[in-house]
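# Chain and residue survey
Chain residues, written in single-letter form:
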Amino acid sequence: PVPAGGFVPGVADLPLMEGLEADPNATLVFDKPEGRIVEAAATGAVSPEAVIAFYAATLPQLGWLREGPALYTREGEVLRITIEPAPRPGAPLRLIFAIEPQ
């Protein structure tokens with residue numbers, strides 16, 4: 001089943017946490033001989049702790065090995081999830097998903 005939030009743009013098997021909305025204007029995908037480079041963004045009224053917990057529970061099921069709170073590796077790729085602080089209290093968080101060759 002497709003997760004409630006769908007998937008991160010540009011990455012067919014990277015679920016988008018419920019409560020996040022992808023920014024279609026912030027997606028870059030490059031396929032290179034060394035591997036793909038993907039950068040995508042999403043915003044939402046979610047806590048950083050909830051983001052970390054969701055991806056820590058979800059990504060290992062998809063073959064990603066957790067290397068740090070928001071750092072994963074799989075099949076020669078590195079996934080970094082950057083959580084940008086909300087610009088003011090109550091404002092949505094912005095997440096940056098970046099995949100690149102290891």
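Report on the accompanying structure.

It is worth spelling out helix 1 (residues 48-58) at this point. Val 51, Tyr 55 and Thr 58 are the residues of helix 1 that are buried. End-on view of helix 1: buried residues confined to an arc of 70°, all on one side of the axis. Those residues of helix 1 that are buried are in contact with strand 1 (20-32), strand 4 (71-74), strand 5 (77-84) and strand 6 (93-101).

For the rest of this paragraph, the subject is the nonpolar core. The tendency in soluble globular proteins is for nonpolar side chains to be buried as a group. The biggest cluster of nonpolar side chains holds 22 residues, and the ones touching the most others in it are Leu 14, Leu 20, Tyr 55, Leu 59, Leu 79, Ile 81 and Phe 97. When contributions to this core are tallied by element, the ones reaching two or more residues are strand 2 (35-44), helix 1, strand 5 and strand 6. At 4 residues, strand 6 tops the list of elements feeding residues into this core. In this view, Tyr 55 contacts Leu 14, Pro 15, Leu 16, Met 17, Leu 20, Pro 60, Tyr 72, Ile 81 and Phe 97; residues no more than four positions away in its chain are not counted.

The next subject is the side chain of Thr 58. Tracing the chain through its elements places Thr 58 in helix 1. According to the relative accessible area criterion, Thr 58 is buried, its value standing at 17%. A distance of 2.8 Å separates the side chain of Thr 58 from the backbone oxygen of Phe 54, its partner in a polar contact.

Here we take up the side chain of Thr 73. Along the chain, Thr 73 falls in strand 4. Polar side-chain contacts of Thr 73 include one of 2.9 Å to the side chain of Glu 67. For Thr 73, the residues in contact, after removing those within four places along its chain, are Gly 63, Trp 64, Leu 65, Glu 67, Val 78 and Gln 102.

Tallied over the full model, the rule gives 6 salt bridges. The salt bridge involving Asp 13 is made with Arg 74; its shortest N-O contact spans 2.9 Å. Of this pair, Asp 13 sits in the segment before strand 1 while Arg 74 sits in strand 4, placing them 61 residues apart in sequence. Residue classification places Asp 13 among the partly exposed positions, given a relative accessible area of 28%. If you follow the salt bridges from partner to partner, you end up with Asp 23, Glu 84 and Arg 94 in one network.

The next thing to look at is the sheet that holds strand 6. Pairing in this open sheet of 6 strands is antiparallel, and the strands run 1-2-6-5-4-3 from one edge to the other. Strand pairing shows two members of the sheet lacking a second neighbour, strand 1 and strand 3 (65-68), which therefore form its edges. Neighbour to neighbour, the strand axes of the sheet diverge by 20° on average, direction disregarded. As defined by bridge partners, strand 2 adjoins strand 6 across 7 bridges and the pair is classed as antiparallel.

The rules behind each value
Residues numbered from 1 in each chain as written. Predicted model: local features only at pLDDT ≥ 70, side-chain atom pairs only at ≥ 80, totals over all residues. Heavy atoms only, no water. Buried < 20%, exposed > 50% of the residue type's maximum accessible area, 1.4 Å probe, protein only. Helix = DSSP H or I, 4+ residues; strand = E, 2+ residues; numbered from the N terminus. Arc of directions from axis to C-beta. Contact = heavy atoms within 4.5 Å. Core = buried A, V, L, I, M, F, W, Y, C linked by side-chain atoms within 4.5 Å. Polar contact = N/O pair within 3.5 Å; in protein donor to acceptor, adjacent residues only side chain to side chain. Salt bridge = Lys/Arg side-chain N within 4 Å of Asp/Glu carboxyl O. Pairing = 2+ DSSP bridges. Axes fitted to C-alpha atoms, helices over the stretch in contact; angles between N-to-C directions.

Any link to function would need more than the numbers given here.
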